[in-house]
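Close look at the chain arrangement
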Amino acid sequence: MIRAGRFQVYSVINGHIWLDGGAMFGVVPKVLWQKQAVPDKLNRIQLAMRTLVAIDDDARRVILVDSGAGSKWAPKDARRYGISHCNALAELLSSLGLTDMEVTDVVITHLHFDHAGGMTFWKNEPGGEIEVRFPNARHWVHARHLEHARNPTLRDKASFMPRDYEELDKRGLLQYVTGDEPAGPFEGMRWLLSKGHTPYQLLPWFEDDERPLLFAGDMIPQIPHLSPTWGMGYDLYPVTTLEEKRRVLRMCVENHLRLAFSHDPEVGGAEVEMVAGRPVVSRVLDL
Ligand SMILES: [Zn+2]
């Protein structure tokens, strides 16, 4: 656990997913990326699917950021992506005397299935009725991103699964964030929008006088992706991601911004400094 301003912050691994290493590192040659992430015999690398948990005791707020791929997977599809799922989030909440019912807010950085799948589950049989896991929570999503998820390009269509979010919308549990400079949702937290990976990714920024914390979502999913040129092949607008990362890295230096990662299998977050023009982890966060 670390503190960031008003919040106690934890990072939990909900499970893992194995994705093609080439797709994860875009134009970076394998001879370079395989030193950072060792591929299996299918050329896939292991990614964690993390949830950030931020608790503000004074305001009685329990905030989750992203939810992993969840359990709504037929065995065949789970095998294809190497998806595993565990109960670490429920265990953490329970160790803090909380249950899913006490979650007040869920931030959905974006609606790709590896981030949005865990907000719902199959109530009875696989493929059947969908139930909401955090029924008392507002689920924050950018309206323009939801619009995109419903009208994706052919290139990113496979990343969106309506079963992950349409039930939430039907029940009025989605809280739309709008505009290009949206106001923060509540005291101590604001939004940073990122448009390179997918349109209007919503990244939560936890204010702190000394060292603010940014959940970097799929802009910087893992430590090897810190370098601006190490972008994902999945990015819709890779040059936009590159510029966004440069801006965030400047904030790491100038504002002592700390980063929390969505997919790093080893590290929940880090402090970063620039050494000879390259980003280097100066301290691992005890998330
Ligand atoms: Zn992702």
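Here the structure is shown first, and the text comes after it.
Let us look at the structure shown here. (Residues numbered from 1 in each chain as written. Predicted model: local features only at pLDDT ≥ 70, side-chain atom pairs only at ≥ 80, totals over all residues.)

Quick look at the overall build of the chain now. A count of helices and strands for the chain gives eight helices and 15 strands. Here the C-alpha coordinates of the chain stretch approximately 55 × 45 × 35 Å along the principal axes. Buried residues in the chain amount to 43% of all 287 residues. (Helix = DSSP H or I, 4+ residues; strand = E, 2+ residues; numbered from the N terminus. Buried ≥ 20, exposed ≤ 12 C-beta atoms within 10 Å, placed from the backbone.)

Here we take up helix 6 (residues 143–150). Within the span of helix 6, buried status applies to His-145, Leu-146 and Ala-149. Down the axis of helix 6, the sector holding all buried residues measures 100 degrees, keeping them to one side. Those residues of helix 6 hidden inside the fold are in contact with strand 8 (138–142) and strand 11 (201–206). (Arc of directions from axis to C-beta. Contact = placed C-beta atoms within 7 Å.)

We now examine the sheet that holds strand 9 (residues 174–177). Read across the open sheet, the seven strands follow the order 1-2-3-4-5-8-9; overall the sheet is mixed. If you trace the sheet from one side to the other, it starts and ends with strand 1 (2–4) and strand 9, each paired once. With direction set aside, neighbouring strand axes in the sheet form an average angle of 30 degrees. Note: strand 1 against strand 2 (residues 7–20), three bridges, orientation antiparallel. Looking across to strand 2, one finds that Arg-3 is bridged to Gln-8. Of the strands in this sheet, strand 2 and strand 3 (44–56) are in contact with helix 4 (residues 88–95), which crosses strand 2 at around 170 degrees. (Pairing = 2+ DSSP bridges. Axes fitted to C-alpha atoms, helices over the stretch in contact; angles between N-to-C directions.)

A few words on the nonpolar core. Judged by nonpolar contacts, the single largest core of 70 residues is most densely connected at Val-9, Val-106, Leu-214, Ala-216, Leu-259 and Ala-260. Ranked by residue count, the leading element in this core is strand 3, at eight residues. In this structure Ala-260 touches Ser-11, Leu-52, Leu-213, Leu-214, Phe-215, Ala-216, Gly-268, Gly-269 and Leu-287, once residues within four positions along its chain are discounted. (Core = buried A, V, L, I, M, F, W, Y, C linked by C-beta atoms within 7 Å.)

Let's shift gears to the sheet that holds strand 14 (residues 269–275). The six strands are arranged 10-11-12-13-14-15 in an open sheet whose pairing can be described as mixed. Since the sheet does not close on itself, it has two edges, and those belong to strand 10 (189–194) and strand 15 (278–284), each with one partner. Taking each pair of neighbouring strands and ignoring which way they run, the sheet shows an average axis angle of 35 degrees. One ladder, built from six bridges, connects strand 10 with strand 11; its direction is antiparallel. Paired with Trp-191 across the strands is Pro-204, a residue of strand 11.

Moving on: the pairing of strand 3. Strand residues, when the strand is regular, have side chains that alternate between the two faces of the sheet. Here strand 3 lies mainly inside the structure; 11 of its 13 residues are buried. Sheet analysis places strand 2 next to strand 3, joined by 11 bridges and oriented antiparallel. Bridge pairing in strand 3 links Val-9 to Ala-54. From the end of strand 3 to the start of strand 4 (residues 61–65), which pair antiparallel, there are four residues, and Arg-60 there has a positive phi angle of about 55 degrees.

The topology assignment puts Trp-73 in the loop between strand 4 and helix 3 (75–81). Among the residues examined, Trp-73 registers 19 C-beta atoms within 10 Å and is labelled partly exposed. The spacing of Trp-73 and Gly-117 is 44 residues in sequence and 9.4 Å in space, taken between C-alpha atoms. Sequence-distant contacts of Trp-73, that is, excluding residues within four places in its chain, are made with Ala-78 and Ile-83.

Limitation: the analysis is restricted to geometry and does not speak to function.
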